[in-house]
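Letter by letter, the chains look like this.
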Amino acid sequence: IRSILPQPNYDDGSLAPIVLRLAWHCCATYDVQTKTGGSNGATMRFIPEITDEGNTGLEIARNALEPIKQNYPRISYSDLWTLAGKIALESMGCPTIPWKCGRVDCLTSDKVPPNGRLPFGDKAASHIRSTFGRMGFNDQEMVLLLGAHGLGRCHKKFSGWDGKWTQDPIKFDNQFYKVLLEEDWQLGVVPETGRSQYYNGDKSLMMLNTDLELIRDEQFAKWVRVYAYNQSLFFKDFCIVFGKLLELGIERDSGENVLLPT
Ligand code: HEM
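Residues numbered from 1 in each chain as written. Predicted model: local features only at pLDDT ≥ 70, side-chain atom pairs only at ≥ 80, totals over all residues. Heavy atoms only, no water.

## Focus: the layout of surface pockets
A water-sized probe, rolled over the atoms, reveals where empty space remains. Quantified by volume, the largest pocket comes out at close to 960 Å³. Residue lining of the largest pocket: 46 residues in total, with Arg21, Trp24, His25, His149 and Leu208 positioned closest to the centre. For the lining of the largest pocket, the elements supplying multiple residues, two or more each, are α1 (16-27), α4 (125-135), α5 (139-146), β1 (153-154), α7 (209-216) and α9 (231-246). The element best represented in the lining of the largest pocket is α1, accounting for six residues. In the lining of the largest pocket, the residues fall into 25 nonpolar, twelve polar and nine charged. (1 Å grid on protein atoms, 1.4 Å probe; cavity = no way out; pocket = protein on both sides within 12 Å on 5 of 7 lines; lining within 4 Å. Points joined across faces, edges and corners; volume = space filled by probe spheres on them. Helix = DSSP H or I, 4+ residues; strand = E, 2+ residues; numbered from the N terminus. Nonpolar A, V, L, I, M, F, W, Y, C, P; charged D, E, K, R; others polar.)

## Remarks on the coordination of the iron atom of the ligand
A lone protein donor contacts the iron atom of the ligand, and this donor is His149 (NE2), found at 2.1 Å. Its place among the elements puts histidine 149 in the loop between α5 and β1. (Donors = N, O, S within 2.8 Å, 3.2 Å for Na, K, Ca; no water.)

## What to know about the packing of aromatic side chains
Within the structure shown, the criterion is met by 14 aromatic pairs. In this structure an aromatic cluster arises from ring pairing among Phe172, Phe176, Tyr177, Trp223, Tyr227, Phe234, Phe235, Phe238 and Phe242. Directly above the aromatic system of phenylalanine 220 lies the positively charged group of arginine 129, at a separation of 4.2 Å from the ring centroid. When the ring centre of phenylalanine 158 is taken as origin, the NZ or CZ atom of lysine 157, which lies over that ring, is 5.1 Å away. (Phe/Tyr/Trp six-rings, centres within 6.5 Å; stacked < 30°, edge-to-face > 60°. Lys NZ or Arg CZ within 6 Å of the ring centre and 35° of its normal.)

## Focus on the side chain of asparagine 174
When you line up the elements, asparagine 174 lands in the loop between β2 (163-164) and α6 (175-182). Residue asparagine 174 is classed as buried on the basis of its relative accessible area of 4%. At a separation of 3.2 Å, a polar atom in the side chain of asparagine 174 contacts the main-chain carbonyl oxygen of alanine 228. Among all residues touching asparagine 174, those that are not within four sequence positions of it are Tyr227, Ala228, Tyr229, Asn230, Gln231 and Phe234. (Buried < 20%, exposed > 50% of the residue type's maximum accessible area, 1.4 Å probe, protein only. Polar contact = N/O pair within 3.5 Å; in protein donor to acceptor, adjacent residues only side chain to side chain. Contact = heavy atoms within 4.5 Å.)

## Overview of a negative patch on the surface
A cluster of acidic residues, Glu182, Glu183, Asp184 and Asp202, forms a negative patch at the surface. With respect to the helices and strands, the residue glutamate 183 is situated in the loop between α6 and β3 (186-189). (Patch = residues over 30% accessible without salt bridge, like charges linked within 9 Å, V, L, I, M, F, W, Y side chains within 5 Å. Areas by Shrake-Rupley, 256 points an atom, 1.4 Å probe, with all protein chains shown as cover. Salt bridge = Lys/Arg side-chain N within 4 Å of Asp/Glu carboxyl O. Lys, Arg positive; Asp, Glu negative; His and termini not counted. Charge placed at Lys NZ, Arg CZ, Asp CG, Glu CD.)

## Concerning the site of the ligand
The environment of the ligand is formed by 25 residues, the closest being Trp24, His149, Arg153, His155 and Ser159. With respect to the ligand, the side chain of arginine 21 contributes an N or O atom lying 3.5 Å from a nitrogen atom. Note that an oxygen atom of the ligand is positioned 2.6 Å from one of the side-chain N or O atoms of serine 159. In this structure, the ligand is accommodated by the largest pocket. Residue assignment for the shell around the ligand shows that the elements contributing at least two residues are α1, α5 and β1. Per element, the largest residue contribution to the shell around the ligand is five residues, and it comes from α1. Counted by class, the shell around the ligand contains 17 nonpolar, six polar and two charged residues. When residues of the shell around the ligand are assigned to domains, at least three map to each of domain 1 (2-118 + 242-246) and domain 2 (125-241). (Near = heavy atom within 4 Å. Sits in = over half its atoms within 2 Å of the grid points. Domains from an automatic or database assignment.)

## Some details on α6
Buried within α6 are the following residues: Phe176, Tyr177, Val179 and Leu180. Next to the buried residues of α6 lie α5, β5 (206-207), α7, α8 (218-228) and α9.

## Quick look at the domain arrangement of the chain
Assigned domains of the chain: these are domain 1 (2-118 + 242-246) and domain 2 (125-241). Here the C-alpha centre of domain 2 lies 21 Å away from the C-alpha centre of domain 1. The interface of domain 1 with domain 2 comprises 31 residues on the first partner and 27 residues on the second. In total, domain 1 and domain 2 occlude about 2,300 Å² of area from one another, counting both sides; carbon and sulfur atoms represent 64% of this. In terms of surface lost to domain 2, no three residues of domain 1 exceed Asp12, Met92 and Lys244, which account for 25% of the buried area on that side. Viewed at the interface, domain 2 and domain 1 are joined by three salt bridges. (Buried area = accessible area lost by both parts, 1.4 Å probe.)

## Here we look at the pattern of salt bridges
Tallied over the full model, the rule gives 16 salt bridges. For arginine 103, the salt bridge goes to aspartate 79, with nearest N and O atoms at 2.8 Å. With arginine 103 in the loop between α3 (77-91) and α4 and aspartate 79 in helix α3, this pair connects stretches of sequence that are 24 residues apart. Judged by its relative accessible area of 3%, arginine 103 falls in the buried class. Owing to a relative accessible area of 6%, aspartate 79 belongs among the buried residues under this scheme. Taking the shortest distance from any N to any O, the salt bridge between glutamate 218 and arginine 225 comes out at 2.6 Å.

Written as structure tokens, this is what we have:
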């Protein structure tokens, strides 16, 4: 997996951010109440999930991983995509993320969750709480997971938003929280798509509305300050919560075998 990530002609020179986003979106459909969605099953291979607006562009990551699946057919897509997210993060400087194998791919589309479960970038703090709360995360964990927006960028052709959150989008660190607190964010519009987003002073960086909600909402903001000023704590806590994300909806029997999605 590590060997397919460097791509000098793609974005900032690496597929790692989009591979990470693939892993996150596989898991982000989880609903803790109904125990549906999540990475088990690799349901993103099927309609409607594959056509969810939020998954636009992720075929780049899936296609890049396909030769590995062809070479090692015994690994399930659900294991490959989540493992790739872990490896992508580690390739950008994140410490070791816990990951366990054993996910089982669905053979049919019966278990595909409905579209509309992924968070949307122009919404408010209440939307962050309802989508991540549905996955089973608390405020601190939401702020931690959003720290991944220090990586990669928005693409006009995928989401309509445009630009990167931090100056070094293929280095994993706590810059996202720092720039959120330190830059002066002004509302603007992406000229080609009409999407509203926030720009810093020299317009070299961007934020979505959901990102800025993390400093407007005091319960979120207190965690933004904690992690902006304590990178080693961010590293430690992020690895735990990302490991939890990768395990959403994975039920193992006493022999550590993963049960098929219900
Ligand atoms: C409120 C929650 C979130 C919203 C609304 C959101 C929205 C977005 C949007 C609109 C993009 C740009 C897509 C594109 O145009 O290519 C993006 C990119 C990205 N997101 Fe999020 N996201 C959220 C949470 C997360 C979380 C929890 C993670 C990981 C743990 C994550 C990881 C990423 C990464 C790595 C990229 C860059 C992908 C690339 O460079 O191609 N996001 N996100």
